Amino acid sequence: MNSINKNDTKQMELYPDVRDGLTSVQRRILWTLRTFPQKEWNRFMKSARIVGSVMGRFYPYNDDCIYKALVNMVQLAEKTPLVYGQGNFGSQTDRNSYAAMRFTEVMLSPWGKSMFNRIENGAVELFDNYDGCFKEPHYLPSMFPNLLVNGFGGESVCIPPHDFLDVIACVRDYCNGASQSNHPLLDESRTFPIWTGEKVEKLSFAQMLGTWVEHRVDCLERSFARDVKETKEKLHWLDAKKMFLKDLPANLERRHRFKSMQEFGASMGFDEVQNRYFEKMTIRDIATSDIEQEISLAESELAGLQKTLNSREALLGIILEQLESLANPPKTRRKKV
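Residues numbered from 1 in each chain as written. Predicted model: local features only at pLDDT ≥ 70, side-chain atom pairs only at ≥ 80, totals over all residues. Heavy atoms only, no water.

A.B. asks: Can you help me understand the overall build of the protein in this one?
C.D. replies: Along the backbone of the protein there are 14 helices and 9 strands. Within the protein, the proportion of its 337 residues that are buried is 46%. A separation threshold of at least 6 residues defines the contact pool for the protein, and within that pool the share at least 24 residues apart is 69%. (Helix = DSSP H or I, 4+ residues; strand = E, 2+ residues; numbered from the N terminus. Buried < 20%, exposed > 50% of the residue type's maximum accessible area, 1.4 Å probe, protein only. Contact = heavy atoms within 4.5 Å.)

A.B. asks: Would you mind going over the nonpolar core with me for this structure?
C.D. replies: Side chains that are nonpolar tend, in soluble globular proteins, to be buried together. Formed by 92 residues in total, the largest nonpolar core has its most connected members in Ile-29, Leu-30, Phe-144, Ile-159, Val-171 and Met-208. For this core, the leading source of residues is helix 8 (residues 205-246), giving 15 residues. Beyond its immediate stretch of four places on either side in the chain, Phe-144 contacts Leu-82, Trp-111, Ser-114, Met-115, Val-149, Asn-150, Phe-164, Trp-212, Leu-323 and Leu-326. (Core = buried A, V, L, I, M, F, W, Y, C linked by side-chain atoms within 4.5 Å.)

A.B. asks: I would appreciate a short explanation of the packing of aromatic side chains in the present structure.
C.D. replies: Aromatic ring pairs are reported here in terms of the distance separating the ring centres and the angle at which the planes meet. Enumeration over the complete set of coordinates arrives at 6 aromatic pairs. Here the aromatic rings of Phe-58 and Phe-134 are separated by 6.2 Å at their centres, their planes lie at 65 degrees, and the arrangement is edge-to-face. Within this pair, whereas Phe-58 is found in the loop between helix 3 (47-57) and helix 4 (63-76), its partner Phe-134 is found in the loop between strand 4 (126-128) and strand 5 (135-137), the two being separated by 76 residues in sequence. Relative accessible area serves as the criterion here: at 3%, Phe-58 is assigned to the buried category. (Phe/Tyr/Trp six-rings, centres within 6.5 Å; stacked < 30°, edge-to-face > 60°.)

A.B. asks: When you look at the pattern of salt bridges in this model, what are you seeing that I'm missing?
C.D. replies: Pairs can form between side chains of opposite charge whenever their charged atoms are close. Applying the stated criterion across every chain yields a total of 14 salt bridges. Two residues, Glu-120 and Arg-34, come together in a salt bridge whose shortest N-O distance is 3.5 Å. Placement of the pair is Glu-120 in the loop between helix 5 (110-114) and strand 4 and Arg-34 in helix 2 (residues 24-35), with a sequence separation of 86 residues. A salt bridge links Lys-68 to Asp-64, with the shortest nitrogen-to-oxygen separation between them at 3.6 Å. Taken together, the residues Lys-68 and Asp-64, both in helix 4 and 4 residues apart, mark about one turn of the helix. Residue Lys-68 is classed as partly exposed on the basis of its relative accessible area of 45%. Judged by relative accessible area, Asp-64 falls into the partly exposed class, the value being 38%. (Salt bridge = Lys/Arg side-chain N within 4 Å of Asp/Glu carboxyl O.)

A.B. asks: Please clarify how helix 4 should be interpreted in this entry.
C.D. replies: It helps to recall that an α-helix has 3.6 residues per turn; residues three or four apart then point in one direction. Across its 14 residues, helix 4 extends 20 Å between first and last C-alpha, which sits within 8% of the 20 Å expected from 1.5 Å per residue. For helix 4, every residue scored as buried is listed here: Ile-66, Tyr-67, Ala-69, Leu-70, Val-71, Met-73, Val-74 and Gln-75. Buried residues belonging to helix 4 abut helix 2, helix 3, strand 2 (83-86) and strand 3 (105-108). N-capping of helix 4 is provided by Asn-62, with a side-chain oxygen placed 2.7 Å from the backbone N of Asp-64. (Expected span 1.5 Å × (residues − 1). Polar contact = N/O pair within 3.5 Å; in protein donor to acceptor, adjacent residues only side chain to side chain.)

A.B. asks: What exactly am I supposed to notice about the sheet that holds strand 1 (residues 45-46) here?
C.D. replies: Hydrogen bonds along the backbone pair up the strands of a sheet, which may run parallel or antiparallel. Strand order in the open sheet formed by 3 strands is 1-3-2, with antiparallel pairing between adjacent strands. Because the sheet does not close on itself, it has two edges, and the strands there are strand 1 and strand 2. In this sheet, strand 3 lies alongside strand 2 in antiparallel orientation, the contact comprising 4 bridges. Within the sheet, the bridge partner assigned to Gln-86 lies in strand 3 and is Glu-105. Of the strands in this sheet, strand 1, strand 2 and strand 3 touch helix 2, which is tilted by about 75 degrees from strand 3. (Pairing = 2+ DSSP bridges. Axes fitted to C-alpha atoms, helices over the stretch in contact; angles between N-to-C directions.)

A.B. asks: Help me out: how do you make sense of the packing of helix 8 against helix 11 (residues 272-280) in this one?
C.D. replies: Helix-helix packing is characterised by the crossing angle of the two axes and by the distance between the axes. One can describe the packing of helix 8 onto helix 11 by two numbers: an axis separation of 9 Å at closest approach and a directional angle of 75 degrees. With respect to their mutual orientation, helix 8 and helix 11 come out roughly perpendicular. Facing Glu-230, Glu-233, Lys-234, His-236, Trp-237, Ala-240 and Phe-244 of helix 8, the residues of helix 11 in contact are Val-273, Gln-274, Arg-276, Tyr-277 and Phe-278. By residue class, the composition of the contact of helix 8 with helix 11 is 6 nonpolar, 2 polar and 4 charged. (Parallel < 35°, antiparallel > 145°, perpendicular 65-115°, else oblique. Nonpolar A, V, L, I, M, F, W, Y, C, P; charged D, E, K, R; others polar.)

A.B. asks: What should I look at first to understand the confidence of the model for the protein in this one?
C.D. replies: Note: predicted coordinates in regions of low pLDDT should not be interpreted at a detailed level. Taken over all residues, the pLDDT of the protein has a mean of 86, while the share at 70 or more is 89%. Between the elements of the protein, mean pLDDT differs from a low of 67, seen in helix 12 (residues 283-287), to a high of 95, seen in strand 5. (pLDDT = per-residue confidence, 0-100.)

A.B. asks: Quick question: what am I supposed to make of the environment of Ala-240 here?
C.D. replies: Mapped onto the elements of the fold, Ala-240 is located in helix 8. For the pair Ala-240 and Tyr-277, spaced 37 residues apart in sequence, the C-alpha to C-alpha distance is 9.7 Å. In this structure, Ala-240 is in contact with Phe-270, Gln-274 and Phe-278, ignoring residues within four places of it in sequence.

A.B. asks: Any chance you could explain the side chain of Ser-24 here in plain terms?
C.D. replies: Take Ser-24: it is sitting in helix 2. Setting aside its immediate chain neighbours within four residues, Ser-24 contacts Met-12 and Glu-13.

See below:
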């Protein structure tokens, strides 16, 4: 989805995306938290700071609706929250009694961090924001089916949450090809309007689960394909490095005749990819490495990546393994002041 029209934008604000269980505002809140320096991921930050960053970078409309979306994420996800809240975020009896954004604080939870699994490896595509200064995803490569686990509460649709272990069991049945299941989570009699990436459709819980699994497979395929491409480029560079080391003394002497490694690489017949790697390394790094071992490790890594990429069973196994790793994370850190 390269372009989004005005109607799509409205639908994405009202209905959660089946792939990550988030509306566009919620996704931008998480993405903003993710774009802060990594040292700040494990400490609470003022909600006002988050709201201001979201509004300035990705959603230049209304700070009140951004803060309400943030409060909603803290309030409704008690067992598996995407963000931890600290301060007065309201109560079960009165959800509108939350404090102003300057008094509350939030922090990414382990589940929130898992929403970005392998995003740096190209799991999802990033697009320009409203003014072209920043990049943002239109959906996240969530490690767990957030829409089923946490549900969704809004004016447009209300979806009940489900137990994490029950969801894992249903995902396991789906991955193993089980065609019949008596689990209530797979009941197809109830449907809910959900954003599917192209339009709003009515989906049952079983359809939500199947769509999420296929989305995860697609994200893993994209990220592993990028890893394969980068590893092939590395092997291509190692060929140039091996050529350089064959006549190291002469090449070291020859190197001083050129102003840059790029010019030297061009004189050796290296292409753009090989030159790019040469620019990142010093002569000492090149001369003191074990080239045969590097090539062997890179070839082994490439074989493993290609084997995983070409096996649906291996990708489904990764999905289940990641889900189970999230089953027992730390307890929710939320306290009122």
